[in-house]
2 protein chains.
Amino acid sequence: MELTAEIIGVGTELLLGKTVNTDARDISEGLSMLGINVYYHTVVGDNPSRLRLAVEIAKRRADIIITTGGLGPTCDDLTKQVLAECFGKKLVFHEKEAERIRSYFERSLHKTDITENNMSQAMLPEGCTIFHNEWGTAPGCAFRGDGKHVIMLPGPPRECVSMFNNCVVPYLKELSDSEIVSHNIRVFGLGESVVEDRLRDKMLELKNPTLAPYAKEGEVMLRVTAKASSVEEAEEMMKPVIDMVRETLGEFIYAVDEENLESVVLRILSEKNLTLSTAESCTGGLLQKRITDIPGASKVFPGGFVTYSDKAKIDFLGIPEELINNEGAVSQVVARAMAEAVKEKMSADFGIGITGVAGPDPDERGSEVGTVFIALAAFDGTYSREFHLGADRSRIRTMAVNHALDMLRRYLTGEKVV
Amino acid sequence: MELTAEIIGVGTELLLGKTVNTDARDISEGLSMLGINVYYHTVVGDNPSRLRLAVEIAKRRADIIITTGGLGPTCDDLTKQVLAECFGKKLVFHEKEAERIRSYFERSLHKTDITENNMSQAMLPEGCTIFHNEWGTAPGCAFRGDGKHVIMLPGPPRECVSMFNNCVVPYLKELSDSEIVSHNIRVFGLGESVVEDRLRDKMLELKNPTLAPYAKEGEVMLRVTAKASSVEEAEEMMKPVIDMVRETLGEFIYAVDEENLESVVLRILSEKNLTLSTAESCTGGLLQKRITDIPGASKVFPGGFVTYSDKAKIDFLGIPEELINNEGAVSQVVARAMAEAVKEKMSADFGIGITGVAGPDPDERGSEVGTVFIALAAFDGTYSREFHLGADRSRIRTMAVNHALDMLRRYLTGEKVV
């Protein structure tokens, strides 16, 4: 049976334009991977009568109604009351959930913070399936009513998306009689239009499995999705498609299913018992932040330097002052010296040095915004590259880190580094 | 007259979760500044019958209907046809608009690209106001029908938002007679429910200006909004409300309108010509990343260390090995030694040291996940605090950085630090 879903975002902040509805995007993406059609998104404010009207409309046009937001402890929060009412359910007190909320407060926040409002979060529709919130206080839940599936999730994106992936996806999988399996092929270093050009004919031709491109921050993801009666069968169907993509895009594919460049690099370093250290200038700690986002980073990453000023480069990395004076802090030789110095000082197997101009102003020597030099000091010498990464500060920093990680990824997998 | 608007986003890519609906956010923000209430957002795919149903619903609940998307040259694009039909209008060929489209192609693209589909973009509802598209090919337009204002805009955010600001805002200003102005009061260190408890009576009482809380990542934002016949009058009306909030929440308010803790701290440091350096363990560069997110950070931030391993703490910060052995790397004394060492080594006015357990596993000495020690080395000595920040790695790191920045913010503004 083909199921359809509607996502109702609840929150006046969305209607005032202070927040963008990323929850709807992320849930839609997840639903499409489950083979559930989304025909409408709706957003309403913190207003019971308008929410009620939106729910009545959704009941007429969807099998699954998913709400996001309006479950928090403030007086604006009304999603549960309205949804329970629309489906003729009572809200009942869940002692176990109350326990969880109490213990969340005791564990993690200001203990004195707990109020009666927080306890109202333990009021949930009778007979519902509770989704525990490991990422905040408001639990989510699902219930059946009037032949529909109703799912309520908290609004903050981190809570909403975590709960969707961890609780709602398994819940919805039970409703479907076929298995839908996906793999994400991650591509770095080719633009979306190039990827599409190379794969267009195949993408149009494929019906099951399907192949669809998604532009991500600075990279492209290709999703292969197959629908079959078993997971094994679906996997079998996807193999030739993945092989075809591999053949077409080659070394630009950095992973299948792994999350991002940093997780791939850290996994390989860890498998090979190798270590990495980094010296950052224009990226100001972003590379190290992304490395240490990954649990277990300490095994391969002893630490590094953020040498933002020239003086820090001289004092802590021992970059010769005349090199900076002659070549400029934003130069290929300085990037190389940074990579080599940090490798040596941290006794690491690899050193990465990044120096550039993230803007908004060009550097004193006139290097234009977006110019970034990245060096990788490795066993057999130092590799370095010059990049021009546009004009947006945040994008320059993100792309510089992506390129630095990709250079090391290429070195580790035996691809061409520069 | 109070006008209400509904925004209908048209595009299957939105329902597949490939794109996030930033158009709705940006248009909503613009409408709220015009004093126009937005009660609903709707998103539908490239499907005429579902779009027709969405428009029929919108006609019953809004005075102004704004569509985004579905005006491009591909065969999926159907917004104009459906909207014209819903309001009983004919589409007519606009020779002048056809001219513009031809010249756009001659100016900027491959001349051979122009197709009959492109010329269909010159078909517009009879009697409409045309919004020329300086940023792409599809023109937007507005017309009146069945007592409603109907506005159609292209989907690509750059085209949509530019056209909204340059064409639609002046068009709508003619319809409205009031100004809406907002201020955002940012609060750190109190939970949303505590803030709500302390301000509930006032919030319920206030009608214009209004006061509403928003939970942000680890903090609370309170938005004050006033509607008046002039900006000046609106500001005058908000003053006593902002004063009341200041009196109620005191030192927990870290900014009005400024974006985040790091921008406040950097502004004050910069004004006072002071510098900061940091040594991070469990936050792995996140603090330095957030500091250097702010343009101009180089004025106050020379650099810092990510000393993830014990060895790095010993080698680069000179933390005595026996201190780490006796007290553990995750300890108040080590945090203090890190802060003091980095302050001295970087010749900075302030040093921040952060050491803790971000998880997922406890450290070897059994410190539980979420335990973080933060120290601030300042002019008159070193301040330090122990935190317990829950169990989620990413939240622990974010909150540790927030607390570190807040300790410095408090020091700089003369508030109690620990």
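Residues numbered from 1 in each chain as written. Chains lettered and ligands numbered in written order. Predicted model: local features only at pLDDT ≥ 70, side-chain atom pairs only at ≥ 80, totals over all residues. Heavy atoms only, no water.

Asks: Mind laying out the overall build of chain A, listing which residues take part and the relevant values?
Replies: For chain A, the count of helices and strands is 15 helices and 17 strands. Reported as C-alpha extents along the three principal axes, the dimensions of chain A are approximately 75 × 60 × 40 Å. Within chain A, the fraction of its 418 residues that count as buried is 59%. Partitioning the intrachain contacts of chain A with sequence separation of at least 6 by distance along the chain shows that 67% fall at a separation of at least 24. Summing over all exposed atoms, chain A offers an accessible surface of approximately 16600 Å²; the carbon and sulfur share of this is 48%. Taking the average location of the 47 positive side-chain charges in chain A and that of its 63 negative ones, the two points are 2 Å from each other. (Helix = DSSP H or I, 4+ residues; strand = E, 2+ residues; numbered from the N terminus. Buried < 20%, exposed > 50% of the residue type's maximum accessible area, 1.4 Å probe, protein only. Contact = heavy atoms within 4.5 Å. Areas by Shrake-Rupley, 256 points an atom, 1.4 Å probe, with all protein chains shown as cover. Lys, Arg positive; Asp, Glu negative; His and termini not counted. Charge placed at Lys NZ, Arg CZ, Asp CG, Glu CD.)

Asks: Could you give an account of the state of the cysteines, naming the residues involved and the relevant values?
Replies: The final tally for this structure, using the stated rule, is zero disulfides over all chains. Unpaired in this structure, A:C128 has its nearest cysteine sulfur neighbour in A:C141, at a distance of 4.3 Å. (Disulfide = S-S within 2.5 Å.)

Asks: So what's going on with the sheet that holds strand 11 (residues 219-228) of chain A? Residues and values would help.
Replies: Residue and element names in this part refer to chain A. As summarised here, the arrangement of the four strands in space is 10-11-9-12, forming an open sheet in which the pairing is antiparallel. Pairing within the sheet leaves two strands with one partner each, and these edge strands are strand 10 (210-216) and strand 12 (253-256). With strand direction ignored, the average angle separating the axes of adjacent strands in the sheet is 25°. Seen against the sheet, helix 2 (residues 22-33) touches strand 9 (179-187), strand 10 and strand 11 and runs at an angle of roughly 40° to strand 11. Across the sheet, helix 9 (residues 231-249) touches strand 9, strand 10, strand 11 and strand 12, and the angle it forms with strand 11 is around 150°. (Pairing = 2+ DSSP bridges. Axes fitted to C-alpha atoms, helices over the stretch in contact; angles between N-to-C directions.)

Asks: An account of empty space enclosed by the protein is requested, with residue identities and associated values reported.
Replies: Unoccupied space between atoms shows up once a probe the size of one water molecule is rolled over them. Counted under the stated rule, the structure contains one cavity of 30 Å³ or more. Considered as a void within the structure, the largest cavity measures approximately 120 Å³ in volume. Residue lining of the largest cavity: 16 residues in total, with A:N21, A:A24, B:N21, B:A24 and B:V43 positioned closest to the centre. Mapped onto the lining of the largest cavity, the elements with two or more residues apiece are helix 2 and strand 2 (37-44) of chain A together with helix 2 (22-33) and strand 2 (37-44) of chain B. For the lining of the largest cavity, a count of residues per class yields eight nonpolar, six polar and two charged. (1 Å grid on protein atoms, 1.4 Å probe; cavity = no way out; pocket = protein on both sides within 12 Å on 5 of 7 lines; lining within 4 Å. Points joined across faces, edges and corners; volume = space filled by probe spheres on them. Nonpolar A, V, L, I, M, F, W, Y, C, P; charged D, E, K, R; others polar.)

Asks: Lay out the interface of chain A and chain B in plain terms, naming residues and giving numbers.
Replies: Listed by partner, the interface residues are 76 residues for chain A and 75 residues for chain B. Here chain A meets chain B over a buried area of about 6100 Å², counting both sides, of which 57% is carbon and sulfur. On the chain A side of the interface with chain B, the three residues burying the most area are A:L15, A:K18 and A:Y40, jointly 10% of the side's total. Counting every contact that joins chain A to chain B gives four salt bridges. Taking the shortest distance from any N to any O, the salt bridge between A:R397 and B:D293 comes out at 2.7 Å. At the junction of chain A with chain B, the criterion picks out 28 residue pairs in polar contact (both at pLDDT 80 or more). Class assignment for the residues of the side of chain A that touches chain B results in 33 nonpolar, 26 polar and 17 charged. One ladder, built from five bridges, connects strand 14 (residues 303-307) of chain A with strand 14 (residues 303-307) of chain B; its direction is antiparallel. Looking at strand 14 of chain B, one finds that A:G304 is bridged to B:V306. (Buried area = accessible area lost by both parts, 1.4 Å probe. Salt bridge = Lys/Arg side-chain N within 4 Å of Asp/Glu carboxyl O. Polar contact = N/O pair within 3.5 Å; in protein donor to acceptor, adjacent residues only side chain to side chain.)

Asks: An account of the sheet that holds strand 10 (residues 210-216) of chain B is needed here, citing residue identities and associated values.
Replies: Residue and element names in this part refer to chain B. Strand order in the open sheet formed by four strands is 10-11-9-12, with antiparallel pairing between adjacent strands. The strands lining the two open edges of the sheet, one partner per strand, are strand 10 and strand 12 (253-256). When the angles between neighbouring strand axes are averaged without regard to direction, this sheet yields 25°. The sheet contact formed by strand 9 (residues 179-187) and strand 12 spans three bridges and is antiparallel. Note on strand 12: the bridge partner recorded for V187 is I253. Sheet strands touched by helix 8 (residues 192-205): strand 9, strand 10 and strand 11 (219-228). Its angle to strand 10, the strand with the most contacts, is close to 170°.

Asks: An account of the domain arrangement of chain A is needed here, citing residue identities and associated values.
Replies: Partitioning chain A into structural domains gives domain 1 (4-173), domain 2 (179-256) and domain 3 (261-412). Once you take the C-alpha centre of each, domain 1 of chain A and domain 3 of chain A turn out to be 43 Å apart. (Domains from an automatic or database assignment.)

Asks: So what's going on with helix 10 (residues 261-271) of chain B? Which residues, and what values?
Replies: Residues and elements named next belong to chain B. Burial of helix 10 is extensive: eight of the eleven residues sit out of reach of the surface. Among the residues of helix 10, L261, E262, S263, V264, V265, L266, I268 and L269 are the ones counted as buried. On its buried side, helix 10 packs onto strand 12, strand 13 (276-280), helix 11 (286-293), strand 15 (350-356) and helix 15 (393-412). Positive phi shows up at N273, right after helix 10, with a value of about 55°.

Asks: Mind laying out helix 7 (residues 157-173) of chain B, listing which residues take part and the relevant values?
Replies: Along an α-helix, a turn takes 3.6 residues, which lines up residues three or four apart on a common side. All names here are of chain B. Of all bends in helix 7, the biggest is about 40°, found at F164. Taken together, the buried positions of helix 7 are occupied by E159, C160, S162, M163, F164, C167, V168, V169 and L172. Residues of helix 7 that are buried in the fold lie against helix 2, strand 3 (64-68), strand 6 (129-131), strand 7 (140-145) and strand 8 (148-153). (Bend = angle between axes of the 7 residues up to and from the residue.)

Asks: Which residues make up the packing of aromatic side chains, and what values do they have?
Replies: The geometry of two aromatic rings is summed up by the distance between their centres and the angle between their planes. Scanning all chains against the criterion turns up 15 aromatic pairs over all chains. On the basis of an interplanar angle of 75° and a centroid distance of 5.7 Å, the ring pair of A:F87 and A:F143 is categorised as edge-to-face. Placement of the pair is A:F87 in the loop between helix 4 (79-86) and strand 4 (91-93) and A:F143 in strand 7 (residues 140-145), with a sequence separation of 56 residues. Relative to B:Y308, the ring of A:F301 lies with its centre 5.7 Å away and its plane at 55°, an arrangement referred to as tilted. (Phe/Tyr/Trp six-rings, centres within 6.5 Å; stacked < 30°, edge-to-face > 60°.)

Asks: If you had to explain the environment of A:V194 to someone new, which residues and values would you point to?
Replies: Among the structural elements, A:V194 can be located in helix 8 (residues 192-205). As for A:V194 and A:L249, which are separated by 55 residues in sequence, their C-alpha atoms are 10.0 Å apart.

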